[in-house]
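# Coordinate analysis (summary)
Each chain is listed here by its residues.
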Amino acid sequence: MHFFLQELVNGITQGSLYALIALGYSMVYGVLKLLNFAHGDLYMVGAFIGYFVIQWFGGSTALSIPVPLLILFMFLLAGGGVGGLGVAIERFAYRPLRDAPRIAPLITALGVSFLLENAMLLLFGASYRDYNTSAFIPYSGGIHIGSLNIDTVQILVIVVSVALMAGLTLLVAKTKLGRQMRAVSEDREAAEMLGIDVDYVIAATFFIGSALAGIAGVMDGLAYNNIYTLMGFIAGLKAFTAAVVGGIGSIPGAMLGGLLIGIAESMVTGYISSTYTNLIVFGILIVMMLVRPTGLLGKVPLQKV
Amino acid sequence: MTVEPESPDVGVEQKHDPSVGVDEWVARSSGRREYASGVRGDAQRVFERMGWWPKLAIATAFGAIVPLLLTNDFQLQVGINALLLALLALGLNISVGWAGLLDLGYIAFYGFGAYGFALLSSNQLNAPTGIHFAAYVSLPIIAVGAACLGLIVALPSRRLIGDYLAIITLFFGEAFMEFTNNVAPSKLGGPNGITSIDPIKAFGHQITTNKGYFYFLLILLVLSAAALHLLDTSRTGRAWRAVREDPLAASMMTIPVNRVKLMAFSFGAVVAALAGTVFAAQQINVFPTDFDTPYLILIYAALILGGAGSIGGAIVGGLLLSVMLDGLLRSPTEAGYLFYGVILLTLIVKMRPWRKLIAVLAATAVFGIVVHTIVEAISKSAVAGGPQSTGWIASALHNWVVVPSNPTTAGNIGFVVLLCLCVALRQLKDPLRTVLLVPTLYLAACVWEGVLVAQPSITRQILIGVILIVMMNARPQGLFGARRVEVM
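Rules of the game
- Residues numbered from 1 in each chain as written.
- Chains lettered and ligands numbered in written order.
- Predicted model: local features only at pLDDT ≥ 70, side-chain atom pairs only at ≥ 80, totals over all residues.
- Helix = DSSP H or I, 4+ residues; strand = E, 2+ residues; numbered from the N terminus.
- Buried ≥ 20, exposed ≤ 12 C-beta atoms within 10 Å, placed from the backbone.
- Contact = placed C-beta atoms within 7 Å.
- Rg over C-alpha atoms; globule rule 2.2 N^0.38 Å.
- Nonpolar A, V, L, I, M, F, W, Y, C, P; charged D, E, K, R; others polar.
- Axes fitted to C-alpha atoms, helices over the stretch in contact; angles between N-to-C directions.
- Left-handed = near helix turned anticlockwise from the far one by under 90°.
- Core = buried A, V, L, I, M, F, W, Y, C linked by C-beta atoms within 7 Å.
- Domains from an automatic or database assignment.
- Arc of directions from axis to C-beta.
- pLDDT = per-residue confidence, 0-100.
- Expected span 1.5 Å × (residues − 1).

Glancing now at the overall build of chain B. When helices and strands are counted, chain B shows 20 helices and 4 strands. For chain B, buried positions account for 41% of its 488 residues. Of the contacts made within chain B by residues no fewer than 6 positions apart, 75% connect residues no fewer than 24 positions apart.

Moving on: the overall build of chain A. In terms of helices and strands, chain A carries 11 helices and 4 strands. Taken against the 2.2 N^0.38 rule, which gives 19 Å for 305 residues, the C-alpha radius of gyration of chain A at 19 Å falls within 12% of a compact globule. Seen through its principal axes, chain A has C-alpha atoms that stretch 60 × 45 × 35 Å. Across the 305 residues of chain A, 51% fall into the buried class.

This part is about the interface of chain A and chain B. On the chain B side, the residues contacting the 39 residues of chain A number 39 residues. Mapped onto the side of chain A that touches chain B, the elements with two or more residues apiece are helix 3 (67-94), helix 4 (103-124), helix 9 (231-246) and helix 11 (277-291) of chain A. Its residues placed into classes, the side of chain A that touches chain B shows 32 nonpolar, 6 polar and 1 charged.

Residue and element names in this part refer to chain B. In this structure, serine 95 sits in helix 4 (residues 73-98). With 28 C-beta atoms packed within 10 Å, serine 95 lands in the buried category. Through-space distance from the C-alpha of serine 95 to that of isoleucine 464 is 21 Å; in sequence the pair is 369 residues apart. Excluding residues that lie within four positions of it along the chain, serine 95 makes contacts with Leu101, Asp103, Ala264, Phe265 and Gly268.

Residues and elements named next belong to chain A. Helix 10 (residues 251-272) packs onto helix 1 (residues 2-32) with a crossing angle of 140° between their chain directions and a minimal axis gap of 6 Å. For the pair helix 1 and helix 10, the sense of crossing is right-handed. For the contact of helix 1 with helix 10, the per-class residue count stands at 14 nonpolar, 12 polar and 2 charged.

Our next topic: the nonpolar core. Ile21(A), Ile299(B), Ala301(B) and Leu468(B) are the most contacted members of the largest nonpolar core, which totals 224 residues. Formed jointly, this core draws a minimum of three residues from each of two domains, domain 1 (54-328) and domain 2 (334-474) of chain B. Ala301(B) has contacts with Leu321(B), Ile464(B), Ile467(B) and Leu468(B), leaving out every residue within four places of it along the chain.

Residues and elements named next belong to chain B. Domain annotation of chain B identifies domain 1 (54-328) and domain 2 (334-474). The centre of domain 1, based on its C-alpha atoms, is set 37 Å off from the matching centre of domain 2. On the domain 2 side, the residues contacting the 10 residues of domain 1 number 10 residues. Those elements giving two or more residues to the side of domain 1 that touches domain 2 turn out to be helix 13 (293-306) and helix 14 (311-328). At 7 residues, helix 13 tops the list of elements feeding residues into the side of domain 1 that touches domain 2.

Trans is the common state for peptide bonds, and a negative phi is the common state for residues other than glycine. At Asn132(A), a position not held by glycine, the phi torsion is positive, near 55°. Here Asn132(A) is to be found in the loop between strand 1 (129-130) and strand 2 (143-145). A tally of 15 C-beta atoms within 10 Å means that Asn132(A) is categorised as partly exposed. A positive phi angle, close to 65°, is found at Thr254(B), a residue other than glycine.

Once that is clear, we can look at helix 6 (residues 176-186) of chain A. All names here are of chain A. Within helix 6 the residues assigned to the buried category are Gln180, Met181, Val184 and Ser185. Viewed along the axis of helix 6, the buried residues span an arc of 130°, placing them on a single side of the element. Residues Lys176 and Glu186 are exposed on helix 6 and point more than 90 degrees away from its buried face. Those residues of helix 6 hidden inside the fold are in contact with helix 1, helix 5 (152-174), helix 7 (188-193) and helix 8 (198-224).

In this model, chain A carries an average pLDDT of 85, and 98% of its residues clear a pLDDT of 70 or more. Of all secondary-structure elements in chain A, the lowest mean pLDDT belongs to helix 11 of chain A, at 77, while helix 8 of chain A reaches the highest, 92.

Structurally, the position occupied by Met289(A) is in helix 11. Counting along the chain gives 53 residues from Met289(A) to Gly236(A), while the straight-line C-alpha distance between them is 18 Å.

Residue and element names in this part refer to chain B. Running from amino to carboxyl end, helix 5 (residues 106-120) crosses helix 6 (residues 135-154) at an angle of 145°, the nearest separation of the two axes being 10 Å. Crossing geometry of helix 5 relative to helix 6 is assigned as right-handed. Across the interface between the two elements, Phe109, Phe112, Gly113, Gly116, Phe117 and Leu120 from helix 5 touch Ser138, Ile141, Ile142, Gly145, Ala146, Leu149 and Gly150 from helix 6. For the contact of helix 5 with helix 6, the per-class residue count stands at 8 nonpolar, 5 polar and no charged.

Residues and elements named next belong to chain A. Tracing the sequence through the fold places valine 184 in helix 6. The exposure class assigned to valine 184 is buried, which follows from the 24 C-beta atoms found within 10 Å. C-alpha separation for the pair valine 184 and asparagine 149, spaced 35 residues apart in sequence, amounts to 44 Å. If near-sequence neighbours (up to four positions away) are discounted, valine 184 is found in contact with Val31, Ala191, Ile196, Val198, Val201 and Ile202.

Attention now moves to helix 5 of chain A. Compared with an ideal rise of 1.5 Å per residue, which puts 23 residues at 33 Å, helix 5 of chain A spans 32 Å between its outermost C-alpha atoms and is within 8% of the ideal. Looking at the buried residues of helix 5 of chain A, the elements they touch are helix 1, strand 3 (148-150), helix 8 and helix 10 of chain A.

What follows deals with the confidence of the model for chain B. All names here are of chain B. Mean pLDDT over chain B works out to 80, with 86% of the residues at or above the 70 mark. Least confident of the elements in chain B is helix 1 (residues 24-32), whose mean pLDDT is 59; most confident is helix 5, at 90. Under a pLDDT of 50 for its full length, residues 1-16 has, in the predicted model, 11 contacts with residues more than four places off or in other chains. In the predicted complex, the global pTM is 0.83; the interface-specific ipTM is 0.81.

Dropping the structure here:
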């Protein structure tokens, strides 16, 4: 039972990260109907920014500022930096193609993803970098019940993710920007006719979605220590799965999907074998798509003629 | 609104009947294009009047001469890689270019062909003797297998539209990698792959030399191109393009949309699998990493560069990109020719009038000399590095580019600034844009000489990414495709 609970906690931790990335996919898909393949790489960039913040403040063993402040800085810089990068990518690569055939921005997104990965590879090399979290957030903290360990970083990840998701839900449901975002995702042309600044709303969506991915990247570094330039691809793919399982375009769906994929992955690793984790996760996705192509919480899109 | 019927002007070819996906206006305006006078015009006219098979025959003849001109095995290998990429781009063109389905699992079909051939012509299965089929047995088995696999992968496309299909196929590609890496290591070899595969053999003959594989691939490519051309002009080809433009309207016209989509996948899969068999036979061994996502993106880049939707475009794109990346990026000197050549060519094509072009180039030269002098006056070590490449370009640029003795950090900053400048250039309007172009060009040369030349494999990948983005933005029809106009 303890083993099960432990795997569940691990799964929820991993799942929260997937959910945060999936949210970005889903939001961008909502407003632009574009699968942003570069999203996973934004997550990687976030992880790198977090790493360099640690180095900036003296490295993991000799921090010059208190840990909570450090984590705050990491979140702010990674969120802001990656958010800005997301906006720049939208402006540079996707905006000119907004009215092009559907396949054109998809292929551009592949190119952006590839460019980001290799630009980072050129800048920082292929070697793994280590957050070395245990040097400043000791493992002994957190909750320990019998053999069940929930360490501080896991609590941090879960709490921050829940807070961000709650904030996002409020933003989309209550604020003016949220209303505009919903309007644009419903019908872009009509929204434009009603006086909504569509360019601004899309840029804001990219900023928020990318910032979430950046923060998720930092938390990935904190929780799993090792970061490298190609980490974005597979994480992006899993988050993709999460967004699709939940129903792409739906925000609660992305959260649910992320948690499900995280838990499923953790259970497969714990009870079956880590070799087949990816195969089984992909299998779940394919079955899911065949049984219910709109995802768990997705709406069936109306086809307009 | 009345439309003037096209008058049979002198020198204007009556355009063939309107084809699906090409706007009438575009077709007419390209038909109205003036022919150049003199020999060039005659050549142009003859070329346009030529049917498809004389063109193919001429291209084949050129291809057949190439091995006679090559002097060593490395060059032949470059040629084989180029033909393989062209063949793969040709297959990808079916689903992406014609049917408009984004197939991100395409690389798995290539891998399937390679692994299929490897299993049927090595000691892996049925130990200890193994299975050693002749090509006329194994190739049909693989082709049929690939067609079935294509059908299975495409089955979700019956219910999925556009992007969902892309995901499913992407997963399929990833699953193939995972499968070959992890499942049945005694048969598939895991990460170590399958080694010592037989060459392609039939009726007591076998292909053992690179020259042999070059010709085999050439024949395969020509046959595929001819078959695909016939397919393209057939009812199926028209149905594909109708489905690409508007599936709903196509189904209203009683086109069996699902069946047509499945066919596109199957045909693409067969072409890719055949390419895979040749790859396996020529390389003698296959590894899971031969079929990873970067190679898939390379195939996409080739297709997009040449022009999705046209057979000639796919082939030329594949050949061009492969030769460019393999042949030229291997040595820094030749990479330099390529880099400066492409920049110069783009400027010549894009910059009008001529005075502006000359002004920009001169300004860049002066700017470089000034910057170099200033930096040298401040710190000697900041210019101590010199160009990382060799050859006459590098020696010409020696006192022009600023490369510090340890170029990594400065080069990295320069690279990021260069990316920012490129983004800025795109946003700016003309007077400022031309001014900003000067430092951008100079910085590009510095970054090239300082960092990029020293990292050819990463530069290669960056180049592929840039090709995809720039082509999609600036010229989505590719170098050789016809512009499509969206019907609103």
